[in-house]
Amino acid sequence: MKNESAREVLAATARSVVDAETLKAWVRGPVRAVLPHAAMLCGQSVPHSGGYAAIQAWSFGVPAAYRAKIACAGGNARSPLLTRLMRTGGPEFFDEDDERPDFDAAWRSNFERAGWRNVLGLAHLEGAGEGLVLSAAAFYNVDPTTVENSRVLQRTVMPAVHAVLRRLYGSSRPGAGGFAITPAERAVLDFLLQGLTNKQIARQLGFTPQYSAAKAV
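Residues numbered from 1 in each chain as written. Predicted model: local features only at pLDDT ≥ 70, side-chain atom pairs only at ≥ 80, totals over all residues. Heavy atoms only, no water.

Draft legend 1. Expanded view of the overall build of the protein. Looking only at helices and strands, the protein has eight helices and five strands in total. Reading the helices (α) and strands (β) of the protein from amino to carboxyl end gives α-α-β-β-α-α-β-α-β-β-α-α-α. Counting only residues that meet the buried cut, the protein has 46% of its 217 residues in that class. Pairs at least 24 apart in sequence give 60% of the contacts found in the protein among residues at least 6 apart. Put simply, the protein shows about 10500 Å² of open surface, and 53% of that area lies on carbon and sulfur atoms. (Helix = DSSP H or I, 4+ residues; strand = E, 2+ residues; numbered from the N terminus. Buried < 20%, exposed > 50% of the residue type's maximum accessible area, 1.4 Å probe, protein only. Contact = heavy atoms within 4.5 Å. Areas by Shrake-Rupley, 256 points an atom, 1.4 Å probe, with all protein chains shown as cover.)

Structure representation (structure tokens):
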């Protein structure tokens, strides 16, 4: 499938995604047809004064034990790949023979125990100011030759992934393997999306100035 055709197919089929089940079908169908993979993690984050705060996370075929190992406060993943994506805008590729020092031993050990051979990270940043949103996705056990075409794949796949996740944000249903957030957490996220700093959010919610918005998400 040619790249432009693949992008059009993904955009068209993405319109059918309205909940967790249709998202699962879309990932396992059209997305996998364009970018074959064994499992996928994806989600969105918004910037705030401490970096990025996760607003949603979705998992497809990723074992719960592995997700638990890489989870950290705020719904983000404790992952050097995600750190790189946030810094570079992607794409990023890691395989089991990669010796880069910023992929630390603990993360590598979890990666190897899960049986992963490699992972391709793609990102899409859209909006500006108060509306800035980062979508990121990790595709596990892809064909190693995929990395040669990773920038084209990022432009092909991620705009549709971003559009789907933006549509699903705010749904009362938790993600497939993701998490549900409380009303208090939702209030913090809404303020983050408006571009407020931690101190401004604290004042809005009646907390002390030392309150960190990142702790609530």
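Draft legend 2. Looking closely at unusual backbone geometry. The omega torsion of the bond from glycine 90 to proline 91 falls at 0 degrees, within 30 degrees of zero and hence cis. For proline 91, the position within the fold is in the loop between helix H4 (80-88) and strand E3 (92-95). Positive phi is not limited to glycine here, since asparagine 141 has a value of about 55 degrees. Among the secondary structure elements, asparagine 141 is positioned in the loop between strand E5 (133-140) and helix H6 (150-168). Take asparagine 141: its relative accessible area is 14%, and that puts it in the buried class.

Draft legend 3. Expanded view of H4. Taken together, the buried positions of H4 are Pro80, Leu81, Leu82, Arg84 and Leu85. Summarising the contacts, the buried residues of H4 are in contact with E3, helix H5 (105-113), strand E4 (118-126) and E5. In the stretch just after H4, glycine 89 is the one whose phi turns positive, near 80 degrees.

Draft legend 4. H6, seen in detail. Compared with an ideal rise of 1.5 Å per residue, which puts 19 residues at 27 Å, H6 spans 26 Å between its outermost C-alpha atoms and is within 8% of the ideal. Of all the bends in H6, the largest measures some 30 degrees and sits at valine 157, one to four residues before the proline proline 159. Most of H6 sits inside the fold, with 14 of its 19 residues counted as buried. (Expected span 1.5 Å × (residues − 1). Bend = angle between axes of the 7 residues up to and from the residue.)

Draft legend 5. Focus on the side chain of asparagine 110. Inspection of the secondary structure puts asparagine 110 in helix H5. Setting aside residues no more than four positions away along its own chain, asparagine 110 makes contact with Tyr66 and Lys69.

Draft legend 6. Molecular detail of the packing of aromatic side chains. Counted according to the given criterion, the structure contains eight aromatic pairs. Here tyrosine 66 and tyrosine 140 contribute two aromatic rings whose centre-to-centre distance is 5.8 Å and whose plane-to-plane angle is 85 degrees, an arrangement assigned as edge-to-face. One end of the pair, tyrosine 66, is in helix H3 (residues 64-70); the other, tyrosine 140, is in strand E5, and 74 residues separate them in sequence. Pair check on accessibility: tyrosine 66 and tyrosine 140 agree, each one buried. A ring pair is formed by phenylalanine 103 and tryptophan 107, whose centres lie 5.3 Å apart and whose planes are at 70 degrees; its orientation type is edge-to-face. Looking at tryptophan 107, the relative accessible area reads 5%, which means it is buried. Here the aromatic residues Phe94, Phe103, Trp107 and Phe111 are joined through ring pairs into a cluster of three or more. (Phe/Tyr/Trp six-rings, centres within 6.5 Å; stacked < 30°, edge-to-face > 60°.)

All we've got here are geometric facts, nothing functional implied.
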